[in-house]
Structure formats: structure tokens, C-alpha cells
Amino acid sequence: MNLLESIPRKDGFRMPAEFEPHSKCWMIWPERPDNWRNGAKPAQEAYSKVAEAISQFEKVTVCVSHEQYYNARKKLPPRVRVVEMSSNDAWMRDVGPTFVVNDEGIVRAVRWKFNAWGGLYFPWDKDELVALKVADMEEMDCYQAPMVLEGGSIDVDGEGTLITTEECLLNSNRNPQLSKEQIEQFLKDYLGVEKIIWLKRGVYNDETSGHVDNLCRFVRPGEAVLTWTEDRNDPQYEISRENYEILSKETDARRRRLKIHLIHQPSPIYVTEEEDSGVDFSERTHRRPAGYRLPASYVNFYFARGALIVPVFNDPKDKEALRKFREILPDRKIVPVYAREILLGGGAIHCITLQQPLGVRRC
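Summary of the structure given here. By convention here, each chain's residues receive numbers from 1 onward along its written sequence. In keeping with the predicted nature of the model, local features appear solely for residues at pLDDT of at least 70, side-chain atom pairs appear and are counted solely at 80 or more, and the whole-chain, interface and lining totals rest on all residues. Just so you know, side-chain values use all the structure's heavy atoms and leave hydrogens and water out.

**Let's talk about the overall build of the protein chain**
Item 1. When helices and strands are counted, the protein chain shows eleven helices and 20 strands.
Item 2. For 363 residues, the compact-globule formula gives about 21 Å, and the C-alpha radius of gyration of the protein chain, at 19 Å, lands near that figure.
Item 3. The C-alpha extent of the protein chain, read off along each of the three principal axes, is 55 × 50 × 45 Å.
Item 4. Categorising residues by exposure relies on relative accessible area from a 1.4 Å probe, with only protein chains included: less than 20% of the type maximum marks a residue as buried, more than 50% marks it as exposed, and the intermediate range marks it as partly exposed. The buried share of the protein chain, taken over its 363 residues, is 61%. Numbering goes from the N terminus for both helices and strands, where a helix is a DSSP run of H or I of at least four residues and a strand is a run of E of at least two. Atoms counted for the radius of gyration: C-alpha only. Globule rule: 2.2 Å times the number of residues to the power 0.38.

Below you can see the structure in the form of C-alpha cells.
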């Protein structure tokens, strides 16, 4: 592996959309008891089901600590690859590399700076190295981007358009030294995009400072889904409508008006007393006490090859969301996976997964 000093855009590389073909999916095994309840056993079961669902359609690699290796190997399906890798928690989307490709099919990695969502958790020294380790394991050249960014804070259409939120990327807890224009330039340089659509705020109470992957995602070029609610008393009501107004007036990098599909959120989900009591108290992590509203969203899905892996919550809105996804993506198999345990840790299916695009690895 070579650490490159050049810039992806100048080298002819771009970030492909998630709905483009994959080589594999990456995940990290959960075990941190001050974030996951009951010694992370319920979360491990949920992660196993996500890995099992995705592995029906593409290869899956799960990174596991030395202490948890045997446990993970026994709990994960045999077709899932398990490799030893240290980390602080289990959010591969945010700590792993962003993969970029060129017209020859060569795949390279981009390593961003990471500060645990603005210092929300401590420590994060092991998570900072995950992107580099994945690139090394895959024998991939790696760019090092000069700004803090998590993978869940951006989404691209593969044709030059990126969406993000001001709440996250312009937050003073990420890159206070950078202006909006400087951040835009880094996104263009390191992801090969041409147009950036700035939404305002992310899903209500999302501790990531409003990651866009929980709010709005591209499903194909020129089309996006947006988390929605019709309840005027819900704080999400104004957030979603404000973002809808922005999207409805925007065009993408190819000057197309966007087609926006509205995906109604599930009913508000709150942490129970039992769930709260199962988490080890710690000054090093963000606590979600009993009664805390979790940022549940169906938009936090994962595109697998030929499928869409969708979080569900045993909520009446589950059926409606799955029906909408089947309508929007008739060529894909829609696979629901119960995601409450993942949500209790701070995210959902997209947050714990990372696609590696299909291509030629070359150093």
C-alpha cells in the first residue's frame, strides 16, 4: 500500500454511488459495554442478522477484536469472513475508508480525519486507524484527506452530485478552521464530485449532528428518498419540510430536477428503563437515558448487490416503508432486518456497513 500525496480528482478518481456494483461489505463487531447493553450480546445478534442478510448477495468481512474473535466466528455465518482488527466501537461507515474508482476500474481508498463525532466518545485512537488498516488489508493505495468527515455524513449519486447537511459538516465540532467554501473544495477534490446540495438539519435527536444517511439518500441518479412525517407536532415535521423545499428547488450535477420519494418515519421510539439499565455507566460515551428519543429512520438502509437491506422496528409504518421501497426499486429484493438494538447504540444498518466498489485492486 502507498500513502498518496496527490488528490483523487486530479488523478481521475470519483466516489461511486452505493447502488453501483460492490466487491464486498465491511462491518465491525460490537462489544463496547458502555455503549451496547447487556455486554453487547443483543447488538451482536442484530449485527449477525445484518451480516447474514447482506452475505446472501455479496461478500461480507467483519472486523473483530482479539478478545471477541472466537465468539464472532461462532455467531456469524460460515460464508462471512472474520478478521482480527482493533477498534474503539462498531461504526464502519464512519471510521472506514471512502472508496474511489477511476474509468479503468482501479479502486483506491480515502482516509479522512476522525474525531468521534465531535468528541462524543472517548477514546477514538483505534478507530482513527481503521481506514488505513482496511486499505492495507486490501492492498490499496490510500489518499489522506485533510479534514474531519464521517462516511454517514455524505451521499453521492455517482454522477457528480453529493448531498450533506449543514448541521453536520459546518458544525464547529468538526472543522472549525474551515469555511463552507473550503469544505466544498475538499469534497470536490477527494470525492470527484461537481455539485453539492446542502440540506439544513438531519433527523431529530440524531447524535451524529445530523448525518444525511439517516435523512436523505440517492436511490438512483436524479432520485432521492427523504425521511418524512405528517405529524405537525413532531419536531421532525419542520426539519423534513425545510429539506424538501431545498431539494425541490435544486438540480443535480447534470442539471436534472430531483424526483423526491417521501418515506414516512416510524412512530417515535424511546429508550426503556430496562434498556438503559443494561448499559455500563461511563464518562467516555454519550448516554441515552430512559425516555430518550432515538433517531429511527427507514432511510438508513444498505444497498447490496441486487438487494436493499432495510431497518425495521416492529412498527405499523414498517409495511408502508417496505411497500414504498418495492415500488421505487422493483428490480431489487427488499430485505427487512429488525434494527432496534443497533438504534440503541446510536445508528442503524447503513451506519454499521461500508460497501467496497467492484474494481481492480492495484498498488
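**A closer look at the sheet that holds strand β9 (residues 161-165)**
Item 1. We treat two strands as partners when DSSP finds at least two bridges between them. Read from one edge to the other, the open sheet built from three strands follows the order β8-β9-β10, with strand pairing classed as mixed. Each having just a single partner strand, β8 (155-156) and β10 (195-199) make up the two edges of the open sheet.
Item 2. Note that β8 and β9 share two bridges and pair antiparallel. In the sheet register, D155 faces β9, and the bridge partner there is I163.

**Structural notes on the sheet that holds strand β12 (residues 223-228)**
In any sheet, the strands associate via hydrogen bonds between backbone groups, in a parallel or an antiparallel arrangement.
Item 1. Taken in spatial order, the three strands of this open sheet run β11-β12-β13, and their pairing is mixed. In this open sheet, the two strands that pair with only one neighbour each are β11 (216-220) and β13 (259-264). In this sheet, adjacent strand axes meet at a mean angle of 30 degrees when their direction is disregarded.
Item 2. Note that β11 and β12 share four bridges and pair antiparallel. For helices, the fitted axis covers only the stretch in contact; all axes are lines through C-alpha atoms, and the angles between them, taken along N-to-C directions, range from 0 to 180 degrees.

**A few points about the nonpolar core**
Soluble, globular proteins show a tendency: their nonpolar side chains are buried together.
Item 1. Of all hydrophobic cores here, the largest spans 95 residues; its most connected members are M27, C216, F301, I309, F325 and I342.
Item 2. Examining the composition of this core, we find that seven residues originate from one element, helix α1 (residues 41-55), more than from any other.
Item 3. Should any heavy atoms of two residues lie within 4.5 Å, those residues are counted as being in contact. The contacts of I309, once residues within four sequence positions are left out, are A53, I54, F57, F301, Y302, A304, V335, V337 and I349.
Item 4. Throughout this description, the term nonpolar core refers to a set of buried Ala, Val, Leu, Ile, Met, Phe, Trp, Tyr and Cys residues connected via side-chain atoms within 4.5 Å. Grouped together as the second largest cluster of nonpolar side chains are 25 residues, V100, W112, Y190 and V193 included.

By themselves, these are just geometric observations and shouldn't be taken as functional.
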